[in-house]
Amino acid sequence: MAQRTSFMQALKHFRAALILMCLIASPLVRANVTVEIHGVEDELRTNVLAYLSFERYKKSTDLSADTIERMHDRVEREVQSPLRPFGYYEPKVHSDINDVGRGDWKVTVDIDPGPPVLLDLIDVQVHGPGEKDALFTRITDNLPIHRGDRLNHATYDTLKGELQRSAATYGYLDAKLTRSELIVDPASRKASVALELQTGERYRFGATHIEQSTVNDSLVRRYLRYKQDQPFDLTEILRTQFALDDAQYFANLEVLPGDPDRNAHVVPVNIKADPNRRNWYSIGGGYATDTGPRGTLTWENRRINARGHRFNVLVQAAQVTKYQIQSNYIIPIGDPAVEKLTLQGVVEQRDLADVTTRNEYLQPGITKVAGDWQYVWFVQAMKTTGESAAETRSDKLLIPGIDVASVPKGYLGEPIFQHGIFLEVKGSDGLVGANTRFVQAHLTGVRVFNFHPKWHLLLRDEIGMTLVSRFSNLPVVERFFAGGDNSVRGFAYNALSPTQDVCAKDPTTGKNILTPTGACGTVIGQVKVGGKEVVTGTVEVIRDLPRNFGIATFFDYGNAFNRFGGTPLEYSVGVGFRVRLPVVTLGVDIAQPISRPGATPRLHINFSPKL
């Protein structure tokens, strides 16, 4: 045995001498060291590389013989340390270093992690007034560690941190870990965990002190996401901060818990804010294949008075929307973060397929939120003119309606997000001078299924239908179209639509030449004028890529028509590229219609809040 030990020592000294000779013979230039790890993968390999000196010095310009030998001597213990947090306490490590020429080196580390340490005894307990609180039982009833699992220090630390964070976040401000033990016995390959939390009393919200002179304090208090004497919840303070920030009345806003009263078990809240600038202006531009280039100019008076009324004017021009001038007078009501009374006025000219529409309307509306649903009741008084090669028609409409939309949990009025479900029901009964009677329902739904961390399935469906006494009396602005970036890709915006014949005109009178039955005497063309019904849908699979990129493949279908089943659906397939920006996603898609032989692919570029 002594001879074998002497032989191994001699071999080690010979290897060191060989490395020294190689280094002396090589000039000291920038050396590249390649490190190969065998035997472990994923997070274990990453952790090993983080500990290895060779990895940190792999592009050093100062690799002397002593440095190489010293780093090589460290390999075994540098591998052992990063494996222990994952339960491997008895790894076998073999390493080699080879000169690959030109001052470059290759380090090979072979690791046999050996049998892991397994969890044996797990004892996690919560005591005190919060013992039965769902905040803690959801943790203790669903522990991330189980007997027989491989020991993982990070999972243990996460469990301990979750107990402490839950206590601090939800008002158990006197909570203490009275026992925190992770005992490892490498010889028996067993580990035990013991955690005990003493919660103490749960604190309640105390008084809220407000320091601001921008709007009435009573309005500020309606933004609070909590009430005095409710159990303390730090997340509700953060939500109050977000709600008041989004109101845009304030600058330098602070919503902070005060010093806890240890005797009364209450936490006061302090709100401090300076006035935000009253007037806000913005100029913006963009591009989408549906709209073409577009520009927007906005002016907003953020606070007309101390009651928080606001007013804004938006001017927009684009290829499809030739112009739109929109003004809104907004009065906060109820919960001002999500509820309001709005008086909107719009003057616009828009192209809908082959029809140019000019619309003027005034629309008062009330927005309310109940649970996971947002309701908007409105009445629209409209004057509209539709002009095409077939005819020019003007209408006056009085349209009451309601919009119902699903909103995310904890919704605070954020304008950019994807409604899961959106339903609009509206109609006109020919009252107060209106000359068209109709009832219309329009439903859209979007759902994303995350069936793998990097794979997502997006489903989108749309259906709309109209009951109208006479279809020709339904204004074009109230009809349905399909095709475009957010409809059936592969087809131009609003390109899928029923058509109307264009009649030859009498050169003397300028009127259409009609048959005794009222049909065109001579048809010289057709124009797309929209339909009573619409059906569209999307099936899209998205694969995440590094750096917020993604790729997608999709199948779209749909059409607009005057009778369900009377017109076949159109279909398209395609591929796309996604760039996820902070608040929206840029989509670049190439779609190929498959229901029209000979159709060419179409490029779609669009910004949206979806995946």
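Now for a description of the structure that goes with this document. None of these values were measured; they are calculated from a predicted model.

## Section: the packing of aromatic side chains
A ring pair, where both rings are aromatic, is described by two values, the distance of the centres and the angle of the planes.
For step 1, the next point in the chain: For the coordinates displayed, the defined rule picks out 11 aromatic pairs.
For step 2, the next point in the chain: Ring geometry for Trp299 against Phe311: centres 5.8 Å apart, planes inclined by 70°, an arrangement best described as edge-to-face. Of this pair, Trp299 sits in strand E11 (residues 292–301) while Phe311 sits in strand E12 (residues 310–318), and the two are 12 residues apart along the sequence.
For step 3, the next point in the chain: Residue classification places Trp299 among the partly exposed residues on the basis of a relative accessible area of 28%.
For step 4, the next point in the chain: Look at Phe555 and Tyr571: their rings are 5.8 Å apart centre to centre, the planes differ by 15°, and that puts the pair in the stacked class. Here Phe555 is found in strand E24 (residues 549–561), whereas its partner Tyr571 is found in strand E25 (residues 570–580), with 16 residues between them in sequence.
For step 5, the next point in the chain: On the basis of relative accessible area, Tyr571 is assigned to the partly exposed category, the value being 33%.
For step 6, the next point in the chain: Put simply, the rings of Phe205, Tyr226 and Phe232 pair up and form one aromatic cluster.
For step 7, the next point in the chain: Above the face of the Phe471 ring, Arg479 is positioned so that its terminal group lies 4.3 Å from the ring centre.
For step 8, the next point in the chain: Over the ring of Phe554 we find Arg489; its NZ or CZ atom is 3.7 Å from the centre of that ring.

## As for the environment of Ser472
For step 1, the next point in the chain: Position of Ser472 among the secondary structure elements: in the loop between strand E20 (455–468) and strand E21 (499–503).
For step 2, the next point in the chain: Since its relative accessible area comes to 34%, Ser472 is described here as partly exposed.
For step 3, the next point in the chain: The contacts of Ser472, once residues within four sequence positions are left out, are Arg393 and Arg479.

## Regarding the state of the cysteines
For step 1, the next point in the chain: On inspection of all chains with the given rule, the structure shows 1 disulfide.
For step 2, the next point in the chain: Covalent S-S linkage joins Cys503 and Cys520, the inter-sulfur distance amounting to 1.5 Å. Judged by the sign of its S-S torsion, about -60°, the cystine formed by Cys503 and Cys520 is left-handed. Linking Cys503 in strand E21 with Cys520 in the loop between E21 and strand E22 (523–528), this pair joins segments that are 17 residues apart in sequence. A single burial state applies to Cys503 and to Cys520, both of which are buried.

## Overview of the sheet that holds strand E6 (residues 190–198)
For step 1, the next point in the chain: Strand order in the open sheet formed by 3 strands is E4-E6-E5, with mixed pairing between adjacent strands. Since the sheet does not close on itself, it has two edges, and those belong to strand E4 (118–127) and strand E5 (176–185), each with one partner. Across the sheet, the axes of successive neighbouring strands diverge by a mean angle of 5°, strand direction being ignored.
For step 2, the next point in the chain: Along the sheet, helix H6 (residues 153–169) makes contact with E4, E5 and E6, crossing E5 at roughly 170°.

The rules we used
- Residues numbered from 1 in each chain as written.
- Predicted model: local features only at pLDDT ≥ 70, side-chain atom pairs only at ≥ 80, totals over all residues.
- Heavy atoms only, no water.
- Phe/Tyr/Trp six-rings, centres within 6.5 Å; stacked < 30°, edge-to-face > 60°.
- Helix = DSSP H or I, 4+ residues; strand = E, 2+ residues; numbered from the N terminus.
- Buried < 20%, exposed > 50% of the residue type's maximum accessible area, 1.4 Å probe, protein only.
- Lys NZ or Arg CZ within 6 Å of the ring centre and 35° of its normal.
- Contact = heavy atoms within 4.5 Å.
- Disulfide = S-S within 2.5 Å.
- Pairing = 2+ DSSP bridges.
- Axes fitted to C-alpha atoms, helices over the stretch in contact; angles between N-to-C directions.

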